[in-house]
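The residues making up each chain are set out below.
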Amino acid sequence: MFFLSLITLCAVASPAAAERVEVLLLYNIRPPYVELAPGGRIVGLTATPAIAAFEAAEIPFTLRNAPTNRQLALVRGDAEPSCAIGWFKRPERMTFAHFTRPIYQDQPNVVLMRRSMAEVIEHQTVKALMSDRRWAVLLRQNFSYGGFIDHLIAQHLPRRIESVGSKSQFVEMIRKGRADYMFVAREEAAWIMGSMEASDVVAATFSDMPAGDTRHIMCGMSVPEDVIQRLDAVLP
C-alpha cells in the first residue's frame, strides 16, 4: 500500500516540478530572424513567436545571447535546462534535443556571389554550381543550411571555405574573393542588400531550389517533455 501511494504521489508531483523549471532561452542576433529592438526587446521572425510561446505557456525563462556554436554546446551539454531559438530539426540533433512544432518556415535560399561571378556563370541549378570546383562555397562551421543544401554539400563535396565569422564578415569575404559564393535565406538576402554596402554582391536564384525548411525551438533533454507540450499547445 505504501509503495503504491508513493508512486501515485510522484506521478502527481511531476507536472508541478515541470512548471517550476526555468529555461535558459538562447538567441543570437541575426536579422531578420532575431533583432534588438528599441528598449532592448528581442524581436524577429523567429524570436517573436518563440518568446510569445514561452509567455503564453507561462514557462519561466531567461534570455541569453550566445553564438550558435555555444548554443549547440549548451543544449547538448544539458548542464541546465536550455532551449535555442530558430533551429532546423535534423536527425543528428534529435539524439540530444527535443524540438517544438515549427515557429517559422524559410523562403527558398538564394546564393550570394560577386557581381563579376554572376556575369560569367552559366549554371541554372544549384546542383550544377556545386559540382563546379572552380568556385569555392563559404560555409559556417557546425551550421545547417536546410536538408536540400546539406545533402548537396555531402553529395558533391564542393570546394569549401569554413568560418565562424559574422554575416557582414562573410559578405566581405565574398567581396574580396576569399570565397566565391554563400547560401542565405531569401529573407536574409533582402536584409543584407538593404542594410549593407554590398553593391558588388548579388543574390542569384536557381531553378532547383526548393522551399526553405521549418525552424523550431530546440531544447536539451533536461527540459521536461511537459514544457515542450505546453509550448506546442500555444504555437499557431
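The preceding data block contains the structure.
For clarity, every value in this text was computed on a predicted model and none was experimentally measured. (Residues numbered from 1 in each chain as written. Predicted model: local features only at pLDDT ≥ 70, side-chain atom pairs only at ≥ 80, totals over all residues. Heavy atoms only, no water.)

Draft legend 1. Layout of the pattern of salt bridges. Taken as a whole and assessed by the stated rule, the structure comprises 13 salt bridges. Asp180 is the partner of Arg114 in a salt bridge, and the nearest nitrogen-oxygen pair spans 2.8 Å. One end of the pair, Arg114, is in strand β8 (residues 109–114); the other, Asp180, is in the loop between α7 (167–175) and β11 (181–185), and 66 residues separate them in sequence. In terms of burial, Arg114 and Asp180 fall into one category: buried. Each of the salt bridges in this network shares a partner with another, and the network as a whole consists of Glu172, Arg175, Lys176 and Asp200. (Salt bridge = Lys/Arg side-chain N within 4 Å of Asp/Glu carboxyl O. Helix = DSSP H or I, 4+ residues; strand = E, 2+ residues; numbered from the N terminus. Buried < 20%, exposed > 50% of the residue type's maximum accessible area, 1.4 Å probe, protein only.)

Draft legend 2. The arrangement of the environment of Glu55 in detail. Within the secondary structure, Glu55 sits in helix α2 (residues 47–56). Sequence spacing of Glu55 and Val34 is 21 residues, and the spatial spacing of their C-alpha atoms is 17 Å.

Draft legend 3. Spotlight on the layout of surface pockets. There is about 570 Å³ of room inside the largest pocket. Secondary structure elements with two or more residues in the lining of the largest pocket: β1 (23–27), α3 (68–77), β5 (82–88), α7 and α8 (186–195). Take the lining of the largest pocket: its biggest share by element is four residues, from β5. Split by residue class, the lining of the largest pocket holds 13 nonpolar, twelve polar and six charged. Here the second largest pocket is characterised by a volume of approximately 200 Å³. Taken together, Leu139, Arg140, Gln141, Asn142, Phe143, Tyr145, Asp150, Ile153, Ala154, Arg160 and Glu162 make up the full set of residues lining the second largest pocket. Every element with two or more residues in the lining of the second largest pocket is listed here: β9 (137–140), α6 (147–156) and β10 (160–163). With three residues, the single largest contributor to the lining of the second largest pocket is α6. Within the lining of the second largest pocket, the residues separate by chemical class into five nonpolar, two polar and four charged. (1 Å grid on protein atoms, 1.4 Å probe; cavity = no way out; pocket = protein on both sides within 12 Å on 5 of 7 lines; lining within 4 Å. Points joined across faces, edges and corners; volume = space filled by probe spheres on them. Nonpolar A, V, L, I, M, F, W, Y, C, P; charged D, E, K, R; others polar.)

Draft legend 4. Up close: the pairing of β10. Pairing geometry for β9 and β10, over four bridges, is parallel. Along β10, the bridge assignment pairs Val137 with Arg160. Crossover handedness for the path β9 to α6 to β10: right-handed. (Pairing = 2+ DSSP bridges. Right-handed = clockwise from strand over helix to strand, strands pointing away.)

Draft legend 5. The state of the cysteines, seen in detail. Summed over the entire model, instances satisfying the criterion amount to one disulfide. Put simply, Cys83 and Cys219 are joined by a disulfide, and their sulfur atoms are 2.1 Å apart. One quick way to see it: the torsion about the S-S bond of Cys83 and Cys219 is about 105°, and its sign makes the bridge right-handed. In this pair, Cys83 is assigned in strand β5 and Cys219 in strand β13 (residues 214–220), connecting sequence segments 136 residues apart. In terms of burial, Cys83 and Cys219 fall into one category: buried. (Disulfide = S-S within 2.5 Å.)

Draft legend 6. Focus on α7. By the burial criterion, the buried members of α7 are Lys167, Phe170, Val171, Met173 and Ile174. The arc that holds every buried residue of α7, seen down its axis, measures 155°, which confines them to one face. In this structure, the buried residues of α7 make contact with β8, β9, β10, β11, α8 and β12 (201–204). Note on α7: the residue one or two positions beyond its end, Gly177, has a positive phi of about 80°. (Arc of directions from axis to C-beta. Contact = heavy atoms within 4.5 Å.)

Draft legend 7. Spotlight on the sheet that holds β8. Strand order in the open sheet formed by five strands is β10-β9-β11-β8-β12, with mixed pairing between adjacent strands. Sheet topology places β10 and β12 at the edges, where each strand pairs with a single neighbour. In this sheet, neighbouring strand axes are inclined to one another by 35° on average, regardless of whether the strands run parallel or antiparallel. (Axes fitted to C-alpha atoms, helices over the stretch in contact; angles between N-to-C directions.)

Draft legend 8. Quick look at the environment of His216. On the secondary structure map, His216 appears in strand β13. Sequence spacing of His216 and Pro102 is 114 residues, and the spatial spacing of their C-alpha atoms is 4.8 Å. At a separation of 2.9 Å, a polar atom in the side chain of His216 contacts the side chain of Thr214. (Polar contact = N/O pair within 3.5 Å; in protein donor to acceptor, adjacent residues only side chain to side chain.)

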